[in-house]
Amino acid sequence: MAGSQWELPPELCCRPMAFVALTGLDVVYNAVHRAIWDAFCANRRADRVPISFKVLPGDHEYPKCRTKRTSYEWYIPKGILKTGWMNKHLNLVPALVVLFYELDWDDPQWKEKQSECATKVEIVRTSLQGRNTKVAVVLIQKKTPLPPGEDLVASERASSLCNACDLSGKSLFVLPHTDHLVGYIIRLENAFYEHAQTYYYTEIRRVKSHKEFLNKTTHQLLFVRHQFKIAFFSELKQDTQNALKYYRTAYSLVHELRAHETNMLEIKTMAGFINYKICRLCFQHNTPLDAIAQFRKHIDLCKKKIGSAELAFEHAAWMSKQFQSFGELFDEAIKLGLTAIQTQNPGFYYQQAACYSQERKQLAQQLCQAGASYPSPDPLDTQSGGLDFYGQRPWRQGHQSIDPPDAEKEKTGILALQIKERDVPHSELIIALLSNAVAQFKKYKCPRMKSHLMVQMGEEYYHAKDYTKALKLLDYVMCDYRTERWWGLLTAILTTALRCAYLMASVKDYIIYCMELLGRASTLKEEQKGRIEKNLLKVLMNEVPDAEPECDPSSVSAARSLWNDRVALSGSNEFTIEVQDYIPFIQCKAKFFSPSFHVDQPIQLQVFLRADCPHPVTLNKLAVSLSNQEYNQWCVVESSGQESMSLIPGKTKCYNFSFVAKTEDVGKKIEMTGIEVMLGSDRGRCVFLSWRGAGGDAASNHEALQASRSSRRWGRGMETRPELDWDNLIMQHSTMIISRVPKISVQLSHQPPALNNEMYCISLTVQSQEEGVAKEVKLTAGLKPGQDANLGQTTHVTLDGSKVCDDTAPALLPDVPLGDLKPGEKLERCVYVRCVSTGPRVFLFHVAYSIDTTVEGRQIVCKCHKDETATIETVVPFEVSVKFVSTKFEPLDRVAVDIPFLLMTDILSSSPWPLVLASSSLQLLTMTSNTPQLQSQLQEVVLQTGECASECFCLRCPPLTSSNNTVATGQYLISWRRKPSSADSPLIQTTVTLPHVILESVPLYIHADLPSFGRVRESLPVRYHIENRTALVQEVEMAVEPSDAFMFSGLKQVRLRILPGSEQQMLYNYYPLMAGYQTLPQLNISLPRCPTTNTHTLRRFLPQRIFVKPQGRQLDDASIAAA
Amino acid sequence: MAVCIAVIAKENYPLYIRSVPTQNELKFHYTVHTSLDVVEEKISAVGKSLGDQRELYLGLLYPTEDYKMFRKLHNSFTDVMCNPFHNPGDTIQSKAFDGIVSGMMVQTG
């Protein structure tokens, strides 16, 4: 195959391994032998020694060794390296031949077998005549051997066998065929490896020894050959460091060779081989930079060595192969763990390889002219079917002088090569290399490089006439160039794509590419655009377009017939092209006039079109689709017979549409879902350019941004530039339909703040300013939704203000019908709100109605509404405080059973408005009133802000049977209303729970009956009542202490007994001596049986002081006279 | 000397691109465009390391370049940007800038 001529031979590319031949094994019929062979072959992992094994028959003929040259004096080499040499040493000439022989030390027929073995060894030796190949013998034994030195028979027989076979002791091995076969095999192969190493070492020595016979004039080729061989043997020996060294020497030697046209190919071939080896070893030694440096040097040295100009394509092919194989080596090294970087990765080498393949193709096209017939006899035919030396010409093998021996032969040879080159599938090769490169650049984050290579691939497919694939690739990358705004490159790609589409007669693609090439992003010249536009028009008329320039003439004629078929085909002449993601030659932007329209206004929208092509373009239809398709009918314009819709290049054309929204759509959004422009006609071909949303294309966003930047800088708004500036046109793709503006007024009047629990009146006045009758006026009033959820529970709204509403009243009264409202009419309503808790609340008053109006001659019923809100604070109207005091107005912390005490209440108004307290009452639970009829002391009292109203009740707690000493008192009820409100507004009852009291029982109760005042020197009778409230007889000792203010009569000191539950009275007559407040004589009481009760505890029941009036003077005459 | 000079916007589109007219213009455009891969990578690396951001020269992208040349071009570019009538982001149309670029390009013919 011509293509594979440049492939590197596999024996060059493989890893050289020592070759060891195994003989005497019958792997087909002998199971033991088969097992041994398998142990050698199977599982050759990296930890096993690098040997390639082969099973050969015992009498195998190894390649003959040529007789050793004794002198090089007359020897003229015919080439650098023989084509068979590497293979010979890899696969044909073993480093070691191992003879396997079944023989146990105690074999009964030892003698016979020993001689048979010796014969076999001899046969092997004979066929290796002249070679340094080692021979070793392995005895396959059934018995496990004894440790060395113990088996005397064995050592004796071993040495006799060695003698018989002429073997050194080191070359005789024993392989017991027992359990541990693999272990034995590994030991064996390690020993073989050592022998092989020795063999290759001697080979290296042997080649080196030739050097002294060589001279620089005639044996230049041999210098290279020998260095190469030494390096190769070193590799076989696994001495890669030295191998690299010798290859490097060989490389510099190959460039020292006298180069001329006839041997250029041979030199380059060998240089390429050696370079390959060097790079491979550098990567293997993990010195990738050395590999890259070597490769660069290699390319620098060789790229000018073109050789024969008539076969220049060969050079390009060779260069391409150099880059490709380096790329492969690099890639392989990466797979083994090397890290590559963005700027140094195999992709560049594949790319370069592709470049040279492209050059090869071009050169081939130039040099290999069609017409000539292949020469006969075939000059490329050799007798052996191949070449003797790498890189030589088949028609003059071995020829090393500057001029070709036969000019005629040379000519036919070149012709044959040129003709062969013609059949090479260049595009295929290029595409394969490019796609390798693409894969690499993808990996190393070079998206643009990847795109560029894909463009090249596309172009190559185009050249290979695979237009479908070409278009697929070009189409794929076009988008990248479009978004990156590289118009020059985009235009170039589009041009190629257009050619493909033309040659395929793919109508839709053709239209798309034309459309974009005519657009503003295209960098084509006007005349080009004019030509394309003309073609586009032809396609729209269903005619065959003119061929694209630079198309292959034969392809053009094929394309023309394809087009004719297309044109003849009826139907499928309608295309819809989504142009949003392109940059088409017709630009489209649309907007609603406003982001929202009232339902009684017509909705207006504008579509702006602009053509960028050189000649005017005619359209036949423009249609806008909206999210509600019912409106679509209003947004269509079609060209009628006379007036056509045409776009003048560079001028913006505006189309206005308006329609009336449906009342059901109030509150909804109307969106433009698409815009369609129809080019062509039903008679020819219809092309619908379709934009999504409100138009715009791949470039318009950026243009708008730039325009806004510039206008921001210059303050050039739309206002200052009345003429339509395309870039500044802002698309408005949706609009909101909102309800008609209500023409009514809603007024609220109320007196904040609201008082807790009151029926707070909010009066609402609705006045119509409509010109027609507002029908079905409805009021929704109450707590505005969306506030704290608790407010809903504690707010009650009603229309009935005559009584206090209960908790079932809702927080929001929906849709209260208010009837119709004539123009100018006024309507009032009161809404009552009761707030059970304090704090702010927002109330909503929503008045809705419907009205008939006319929009653009259409009758519609509009629903309008007006909202009014009020934030109202609720406060407590008054604070109530309660205290218990004794009859002496001393605060009580506990209440004595069955002894009267006082309950005092204070009502402190905190309302900003005056309050009327209608009444108050007590609801007692345990207590009883000490006064027969409880009467409110606050009836109709008006409290201003900050004023306080107090009441006092005398109560008594009857003796209780229960042991509980804390008792509930009851409730205090207050009825009140706001002062300004009318008298018929309901009273609000506020209930205050009275505090609990702690009860105590007293064993002895004492109280005194005495007048409210005394008079000096008048008798003041005081009666003390002493009650025994215990179940025991109480002994009471009583004494009256003398006082300066009083004289008294009665028992000064007494001791008496009081029966349980009975009362004793003590009467004293006090005689006041001084006027004013006087302390009564102290009563000392003690109860010997009840020590806790003494004078001190009892004294609280008794009055302490009394007011003594001065002695009344008789109005006698003397005093009158004195006056 | 230079064969092609390009000024690229931060959104990666060309603000200015000019190459030696005798050669394949398209090829240069592709080369400039593909070298943006490396520019992008280098700029993102600068952002990451927060290194000396005053260093505006990114170094070798892959063909050889000259630092001094960058300075000269950058100064001229700064002049263009300082022009109050220039809108950043628009392509550069300046005679002075053209002149500087021409001076840096290969003198052919």
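Reading the values: rules and limits
- Residues numbered from 1 in each chain as written.
- Chains lettered and ligands numbered in written order.
- Predicted model: local features only at pLDDT ≥ 70, side-chain atom pairs only at ≥ 80, totals over all residues.
- Heavy atoms only, no water.
- Helix = DSSP H or I, 4+ residues; strand = E, 2+ residues; numbered from the N terminus.
- Buried < 20%, exposed > 50% of the residue type's maximum accessible area, 1.4 Å probe, protein only.
- Contact = heavy atoms within 4.5 Å.
- Patch = residues over 30% accessible without salt bridge, like charges linked within 9 Å, V, L, I, M, F, W, Y side chains within 5 Å.
- Areas by Shrake-Rupley, 256 points an atom, 1.4 Å probe, with all protein chains shown as cover.
- Salt bridge = Lys/Arg side-chain N within 4 Å of Asp/Glu carboxyl O.
- Axes fitted to C-alpha atoms, helices over the stretch in contact; angles between N-to-C directions.
- Parallel < 35°, antiparallel > 145°, perpendicular 65-115°, else oblique.
- Nonpolar A, V, L, I, M, F, W, Y, C, P; charged D, E, K, R; others polar.
- UniProt positions renumbered as here; feature names shortened; annotations may be inferred.
- Left-handed = near helix turned anticlockwise from the far one by under 90°.
- 1 Å grid on protein atoms, 1.4 Å probe; cavity = no way out; pocket = protein on both sides within 12 Å on 5 of 7 lines; lining within 4 Å.
- Points joined across faces, edges and corners; volume = space filled by probe spheres on them.
- pLDDT = per-residue confidence, 0-100.
- Phe/Tyr/Trp six-rings, centres within 6.5 Å; stacked < 30°, edge-to-face > 60°.
- Buried area = accessible area lost by both parts, 1.4 Å probe.
- Polar contact = N/O pair within 3.5 Å; in protein donor to acceptor, adjacent residues only side chain to side chain.

### Here's the deal with the overall build of chain B
Then step 1. The helix and strand inventory of chain B stands at three helices and two strands.
Then step 2. Mapped in sequence order, the helices and strands of chain B form the string β-β-α-α-α.
Then step 3. Out of the 109 residues in chain B, the part that is buried amounts to 35%.
Then step 4. The long-range fraction of contacts in chain B, counting pairs at least 24 apart against all pairs at least 6 apart in sequence, stands at 55%.

### Considering a nonpolar patch on the surface
All names here are of chain A.
Then step 1. A surface patch of nonpolar side chains, amounting to about 310 Å² of accessible area, comprises Phe-1013, Tyr-1077 and Phe-1107.
Then step 2. Turning to its location among the elements, Phe-1013 is positioned in strand E38 (residues 1013–1015).
Then step 3. For Phe-1013, a relative accessible area of 34% translates into the label partly exposed.

### Side note on the packing of helix H8 (residues 240–256) of chain A against helix H10 (residues 288–302) of chain A
When two helices pack together, their arrangement is captured by the angle between the axes and the distance separating the axes.
All names here are of chain A.
Then step 1. Running from N to C, H8 and H10 point in directions that differ by 10°, and their axes come no closer than 12 Å. Classified by the interaxial angle, the pair formed by H8 and H10 is roughly parallel. Contacts from Arg-248, Tyr-251 and His-255 in H8 reach Asp-290, Gln-294, Lys-297, His-298, Leu-301 and Cys-302 in H10.
Then step 2. Of the residues assigned to the contact of H8 with H10, the class counts are three nonpolar, three polar and three charged.

### What to know about the UniProt feature "domain: Trafficking protein particle complex subunit 11 C-terminal" (unreviewed entry) in chain A
Then step 1. Using the residue numbers shown here, the UniProt feature "domain: Trafficking protein particle complex subunit 11 C-terminal" (unreviewed entry) corresponds to residues 1033–1085 of chain A.
Then step 2. The straight-line gap between the two end C-alpha atoms of residues 1033–1085 of chain A is 16 Å; of that span, 0% is helix and 64% is strand.

### A few points about the packing of helix H16 (residues 467–483) of chain A against helix H17 (residues 487–504) of chain A
All names here are of chain A.
Then step 1. Packing of H16 against H17 brings their axes to within 9 Å, and their N-to-C directions diverge by 155°. The angle between H16 and H17 falls in the class roughly antiparallel. H16 and H17 meet at a crossing whose hand is left-handed. Residues Tyr-467, Thr-468, Ala-470, Leu-471, Leu-474, Met-478, Tyr-481 and Arg-482 of H16 touch H17, and the partners they reach there are Trp-487, Leu-489, Leu-490, Ile-493, Leu-494, Thr-496, Ala-497, Cys-500, Ala-501, Leu-503 and Met-504.
Then step 2. Across the contact of H16 with H17, the residue classes tally to 16 nonpolar, two polar and one charged.

### Regarding empty space enclosed by the protein
All names here are of chain A.
Then step 1. Taken as a whole and judged by the stated rule, the model has five cavities of 30 Å³ or more.
Then step 2. Estimates place the volume of the largest cavity at around 80 Å³.
Then step 3. In terms of lining, the largest cavity is formed by Tyr-1024, Leu-1080, Pro-1081, Gln-1082, Leu-1083, Arg-1099, Leu-1102, Pro-1103 and Gln-1104.

### Re the UniProt feature "domain: Trafficking protein particle complex subunit" (unreviewed entry) in chain A
Then step 1. Under the UniProt annotation, "domain: Trafficking protein particle complex subunit" (unreviewed entry) lies at residues 263–519 of chain A.
Then step 2. Segment residues 263–519 of chain A splits into 70% helix and 0% strand. End C-alpha atoms: 56 Å apart.

### Description of the side chain of Ser-171 of chain A
Residue and element names in this part refer to chain A.
Then step 1. Residue placement: Ser-171 occurs in the loop between helix H5 (152–165) and strand E5 (172–176).
Then step 2. Look at Ser-171 and you get buried, because its relative accessible area is 8%.
Then step 3. Filtering out sequence-adjacent residues up to four positions away, Ser-171 remains in contact with Val-135, Ala-136, Val-137 and His-195.

### Looking at the confidence of the model for chain B
Residues and elements named next belong to chain B.
Then step 1. For chain B, the mean per-residue pLDDT works out to 70, and 68% of the residues sit at or above 70.
Then step 2. Looking over chain B, one finds the lowest element-wise mean pLDDT in helix H2 (residues 67–82), namely 70, and the highest in strand E2 (residues 14–19), namely 83.
Then step 3. Taken as a whole, residues 50–55 scores under 50 in pLDDT and shows three contacts with residues more than four places along the chain or in a different chain.
Then step 4. Segment residues 58–67: pLDDT under 50, and 20 contacts once partners within four positions in sequence are set aside and those in other chains are kept.
Then step 5. Predicted complex, confidence summary: ipTM 0.81, pTM 0.71.

### Digging into the pattern of salt bridges
Once the charged atoms of two side chains with opposite charge are near each other, the side chains can pair.
Then step 1. Scanning all chains against the criterion turns up 46 salt bridges over all chains.
Then step 2. A salt bridge links Asp-37 of chain B to Arg-448 of chain A; its shortest N-O distance comes to 3.0 Å. One end of the pair, Asp-37 of chain B, is in helix H1 (residues 25–49); the other, Arg-448 of chain A, is in helix H15 (residues 447–463), on a second chain. Grouping residues by exposure puts Asp-37 of chain B and Arg-448 of chain A together as buried.
Then step 3. A salt bridge links Asp-581 of chain A to Arg-692 of chain A, with the shortest nitrogen-to-oxygen separation between them at 3.3 Å. Placement of the pair is Asp-581 of chain A in the loop between strand E6 (574–578) and strand E7 (586–592) and Arg-692 of chain A in strand E15 (residues 686–692), with a sequence separation of 111 residues.
Then step 4. By relative accessible area, Arg-692 of chain A is classed as partly exposed at 38%.

### Some details on the packing of aromatic side chains
All names here are of chain A.
Then step 1. Within the structure shown, the criterion is met by 40 aromatic pairs over all chains.
Then step 2. Look at Trp-85 and Phe-233: their rings are 5.4 Å apart centre to centre, the planes differ by 75°, and that puts the pair in the edge-to-face class. In this pair, Trp-85 is assigned in helix H3 (residues 85–92) and Phe-233 in helix H7 (residues 220–236), connecting sequence segments 148 residues apart.
Then step 3. A relative accessible area of 7% means that Trp-85 is categorised as buried.
Then step 4. Grouped by ring-pair contacts, the aromatic residues Trp-85, Tyr-199, Tyr-200, Phe-228, Phe-232, Phe-233 and Tyr-247 constitute a single cluster.

### Some details on the interface of chain A and chain B
Then step 1. If you look at the interface, chain A gives 24 residues, while chain B gives 28 residues.
Then step 2. Buried surface at the junction of chain A and chain B, both sides included, amounts to about 2300 Å², of which 57% is carbon and sulfur.
Then step 3. Here chain A and chain B share one salt bridge between them.
Then step 4. Where chain A meets chain B, there are six residue pairs in polar contact (both at pLDDT 80 or more).
Then step 5. Listing elements by their share of the side of chain A that touches chain B, those giving two or more residues are H15, H17 and helix H21 (700–714) of chain A.
Then step 6. Top contributing element to the side of chain A that touches chain B by residue count: H21 of chain A, with six residues.
Then step 7. Residue composition of the side of chain A that touches chain B, by class: 11 nonpolar, seven polar and six charged.

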